[in-house]
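Okay, here's what each chain looks like letter by letter:
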Amino acid sequence: MKYAFVFPGQGSQFVGMGKELAENFSSAKDVFDEVNQALGQDLYKVMIDGPDSELTLTTNTQPALMAVSMAIVKVLENDFGISLKDKAAYVAGHSLGEYSAACAAGVFSLSDTARLLRIRGDAMQQAVPVGVGGMAAVLGLSYKDVGALVDACNDEKYFCVAANDNSDGQVVLSGHIQAIEKAVEIASEFGAKRCLKLPVSAPFHSPLMQPAAETMARAFMEVQAENAQIPIVANVLATPETEKKEIIKNLIEQVTGTVRWRETLAFFDADGVTDLVEIGAGKVLSGLAKRSLKNINSVSVCSVQEIEELAKNL
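Thresholds applied
Residues numbered from 1 in each chain as written. Predicted model: local features only at pLDDT ≥ 70, side-chain atom pairs only at ≥ 80, totals over all residues. Heavy atoms only, no water. Pairing = 2+ DSSP bridges. Helix = DSSP H or I, 4+ residues; strand = E, 2+ residues; numbered from the N terminus. Right-handed = clockwise from strand over helix to strand, strands pointing away. Phe/Tyr/Trp six-rings, centres within 6.5 Å; stacked < 30°, edge-to-face > 60°. Buried < 20%, exposed > 50% of the residue type's maximum accessible area, 1.4 Å probe, protein only. Arc of directions from axis to C-beta. Contact = heavy atoms within 4.5 Å. Axes fitted to C-alpha atoms, helices over the stretch in contact; angles between N-to-C directions. Polar contact = N/O pair within 3.5 Å; in protein donor to acceptor, adjacent residues only side chain to side chain.

K.L.:
Which residues make up the pairing of strand 10 (residues 297-301), and what values go with them?
P.N.:
In the sheet, strand 9 (residues 275-279) pairs with strand 10 via five bridges, with the strands oriented parallel. Bridge pairing in strand 10 links L276 to S298. As a crossover connection, the stretch from strand 9 through helix 14 (residues 284-292) into strand 10 is right-handed.

K.L.:
Pulling in residues and values, what's your account of the packing of aromatic side chains?
P.N.:
As enumerated under the stated definition, the model contains eight aromatic pairs in all. Members of the aromatic cluster, each reached through a chain of ring pairs, are Y90, F267 and F268.

K.L.:
So what about helix 15 (residues 304-313)? Which residues, and what values?
P.N.:
Taken together, the buried positions of helix 15 are occupied by V304, I307, L310 and A311. Looking down the long axis of helix 15, one finds its buried residues gathered within 125° of arc, a one-sided arrangement. Of the exposed residues in helix 15, the ones pointing more than 90 degrees away from its buried face are Q305, K312 and N313. Of the surrounding elements, those touching the buried residues of helix 15 are strand 1 (3-7), helix 1 (19-24), helix 5 (58-80), strand 9 and strand 10.

K.L.:
Please set out the sheet that holds strand 4 (residues 160-167) residue by residue, giving values where relevant.
P.N.:
The strand order across the open sheet built from four strands is 4-5-3-6, with neighbouring strands paired in antiparallel fashion. Bordering the open sheet on either side are strand 4 and strand 6 (194-197), each of which pairs with just one other strand. Strand-to-strand twist of the sheet, defined as the mean angle between neighbouring strand axes without regard to direction, takes the value 25°. Two elements, strand 4 and strand 5 (residues 170-176), share six bridges in a ladder whose sense is antiparallel. When the sheet's bridge partners are listed, S167 is paired in strand 5 with Q170.

K.L.:
Give me the lowdown on the side chain of H94, citing residues and values where you can.
P.N.:
Checked against the element boundaries, H94 lands in the loop between strand 2 (88-93) and helix 7 (97-104). For H94, a relative accessible area of 11% gives the class buried. Reaching out from H94, the side chain makes a polar contact with the side chain of N166 at a distance of 2.8 Å. In this view, H94 contacts F7, P8, G9, N164, N166, N235, V259, W261 and L285; residues no more than four positions away in its chain are not counted.

So this is what it looks like as structure tokens:
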């Protein structure tokens, strides 16, 4: 058995996430308490009570999703005696999930990871005025074929780029709202089954996020980092890295760069990974893996029952 543990990104959050964990495991509650303390905010209350509009604010969503993922990691360690360092061949995370992966691999402390994600969420929100940028999901086109659509939407004033290469037939565009709306309008002419605008407030993973990348470069100078104890497959490279300077460089580039998730899954497949375990809220990444990888067993782990089941199998 060869395991890869992956961590979800924005869009996987839901009101109530983490409640069952905190009620059943003191080690999970400790994680939520530490994140609250690091941020000087009762984020756990927002997670379990909402409202949804507050949880989906980027500034809250990013540390909240990381907190749920790390609570599960701690429960596996403290309550079941299972350390990811002993079991995982690789870790990876989708967008903000890469920070969860870095925390799980021992690169940053939990408190520092929470603070980095708060800074990241705020910086990404502030990088572009509301209404200037947007994102859209293109369904039914390969990453390669999306290139022609992007070219047709871009002009001297406005542009969009392929921001997330999630799987064959699912690519997310990001950029100026004018280019995004044009993509939605003309995507079918390029063979797309559907192209729909996403309910996000900023053009993540596009060059418009450059101010946020600069903010993160400064933020990383303030935190203590260690080499990864588990190789992290980076979003921007789809290859593994353990050296802390390179990991930080990858995380800075990721703010404006493409999330190469399809290639990340292909890397796992080529390297003989047998089991992919999604740690955290939602089932997005295990769903993508199930559709893309026929040779890899994929599960998502968030509930107490799912944790117990995983512990039994590990």
